[in-house]
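An overview of the molecular structure
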Amino acid sequence: GNANGCLSPRAVGRTTPPMRSRITRKRVLVTGGAGFLGSHLIDRLLARGDEVLCADNLFTGTKRNIEHLHTHPRFEFMRHDVTFPLFVEVDEIFNLACPASPIHYQHDPVQTTKTSVHGAINMLGLAKRLRCRIFQASTSEVYGDPSVHPQVESYWGNVNPIGVRSCYDEGKRCAETLFFDYHRQLGLDIKVARIFNTYGPRMHPNDGRVVSNFVMQALRGEPITIFGEGQQTRSFCFVDDLVEAFLRFMDTGPDFPGPVNLGNPGEFTIRELAERVIELTGSGSKLVFQPLPSDDPAQRRPDISLAREKLGWEPRVALDDGLKKTIEYFEGLVREGA
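Just so it is clear, the structure is predicted and the values come from calculations on it, not from any experiment.

1. Considering the nonpolar core
In this structure, L41, F94, F135, F214, F246, L262 and L273 are the most contacted members of the largest nonpolar core, which totals 61 residues. At eight residues, helix α6 (residues 239-250) tops the list of elements feeding residues into this core. Residues within four places of F214 in sequence aside, it is in contact with I224, T225, I226, I270, L273, A274 and V277.

2. Comments concerning the packing of helix α1 (residues 36-47) against α6
Contact geometry for α1 and α6: axes closest at 10 Å, N-to-C directions at 60°. Here the hand of the crossing between α1 and α6 comes out right-handed. Where α1 abuts α6, its residues F36, L37, H40, L41, R44 and L45 lie against V239, D240, L242, V243, E244, F246 and L247. Residues belonging to the contact of α1 with α6 are distributed by class as follows: nine nonpolar, one polar and three charged.

3. Observations regarding the environment of P254
Note on placement: P254 falls in the loop between α6 and β11 (260-262). When the C-alpha atoms of P254 and K128 are compared, they prove to be 15 Å apart, with 126 residues separating the residues in sequence.

4. Remarks on the pattern of salt bridges
Across all of its chains, the model carries 22 salt bridges by this definition. Of the charged contacts in the structure, one is a salt bridge between R27 and E76, with a shortest N-O distance of 3.5 Å. With R27 in strand β1 (residues 27-31) and E76 in strand β3 (residues 75-79), this residue pair connects regions lying 49 residues apart in the sequence. E170 serves as the salt-bridge partner of R173, at 3.1 Å between the closest nitrogen and oxygen. Placement of both R173 and E170 in helix α4 (residues 166-186) is noted, with a separation of three residues, approximately one turn of the helix. Residue classification places R173 among the partly exposed positions, given a relative accessible area of 27%.

5. As for the pairing of strand β2 (residues 51-56)
Burial runs high along β2: five of the six residues are buried. After leaving β1, the chain enters α1 and then returns to the sheet as β2, a path that is right-handed. Direction of pairing for β2 relative to β3: parallel, over a ladder of five bridges. Residue pairing in the sheet places L53 in a bridge with E76 of β3.

6. Concerning the packing of helix α5 (residues 210-219) against helix α7 (residues 270-281)
Between α5 and α7, the shortest axis-to-axis distance is 10 Å and the interhelical angle comes to 40°. Classified by the interaxial angle, the pair formed by α5 and α7 is oblique. In terms of crossing hand, the pair formed by α5 and α7 is right-handed. Residue-level contacts link V210, V211, F214, V215, A218 and L219 of α5 to I270, L273, A274, V277 and T281 of α7. Taken together, the residues of the contact of α5 with α7 break down into ten nonpolar, one polar and no charged.

Criteria and cut-off values
Residues numbered from 1 in each chain as written. Predicted model: local features only at pLDDT ≥ 70, side-chain atom pairs only at ≥ 80, totals over all residues. Heavy atoms only, no water. Core = buried A, V, L, I, M, F, W, Y, C linked by side-chain atoms within 4.5 Å. Buried < 20%, exposed > 50% of the residue type's maximum accessible area, 1.4 Å probe, protein only. Helix = DSSP H or I, 4+ residues; strand = E, 2+ residues; numbered from the N terminus. Contact = heavy atoms within 4.5 Å. Axes fitted to C-alpha atoms, helices over the stretch in contact; angles between N-to-C directions. Left-handed = near helix turned anticlockwise from the far one by under 90°. Nonpolar A, V, L, I, M, F, W, Y, C, P; charged D, E, K, R; others polar. Salt bridge = Lys/Arg side-chain N within 4 Å of Asp/Glu carboxyl O. Right-handed = clockwise from strand over helix to strand, strands pointing away. Pairing = 2+ DSSP bridges. Parallel < 35°, antiparallel > 145°, perpendicular 65-115°, else oblique.

Remember, this is a structural readout, not a statement about activity or role.
Structure (structure tokens):
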């Protein structure tokens, strides 16, 4: 032990990374911090010793995702909508605020575009005033229904500007434009990540995304709904892998603004996913097939060569292992009557 009664690092078999000292401790703003990705990111930031200010208007985020942090001395929650300016003092910003599933972003498409565009303007304005680094959670949706496979960062995309998904796709594309213009025009230190399908505990049970849909249907013994023939492919990245990539990207030098693809290059058909979920839940659910919704991309798979090269990162969690953890979380929700 040492003078103030703490065990010295040598005395404790240290398995977690060392806590940041008070001098290097950062105060980090996470917008959309009560959401699925935001809440996992906050857990990691707190674990490494940062102070975290979580801003969320709870449109799709939920207090349940952050209730375990309620008494944490370095955590603060602020109910705020990023379409309005925010005046706070922080060292770093992660801008994750935006509904990210088709059901949620099509519910109020005008607000979705505002969240992406006005939200980016407001957070970039804050970063400019504070002269701090800012991370933008962009999306694979900037590639639209891609004619290039797998998708590389240099591909410009194939996006319908007036479709039902455009509020999200074009909102996120415009946000990237703003980030790069602030970077070129004002020298702002930016990090733009294009996130591919991610899943894990704390996903919204009714967000209409394929993993949460299938797991909830299987657990309730309902038929599993597949659109089209189920031959469209997706790549599924477990949330812990993704958050690791966020932190590594944020710690790269200012000469690497991105954009960088973050996701799992393993590709599965929707039908394969449904069959894995049925097997892992031990459900008696049957598959039912429905017509394909409009502008639904046929293929989605990231080329992550750039992330491997620049971040030394690639996903480690196998689909089955990630699904087991996700199913466990949803079983808890079903028991509580979700």
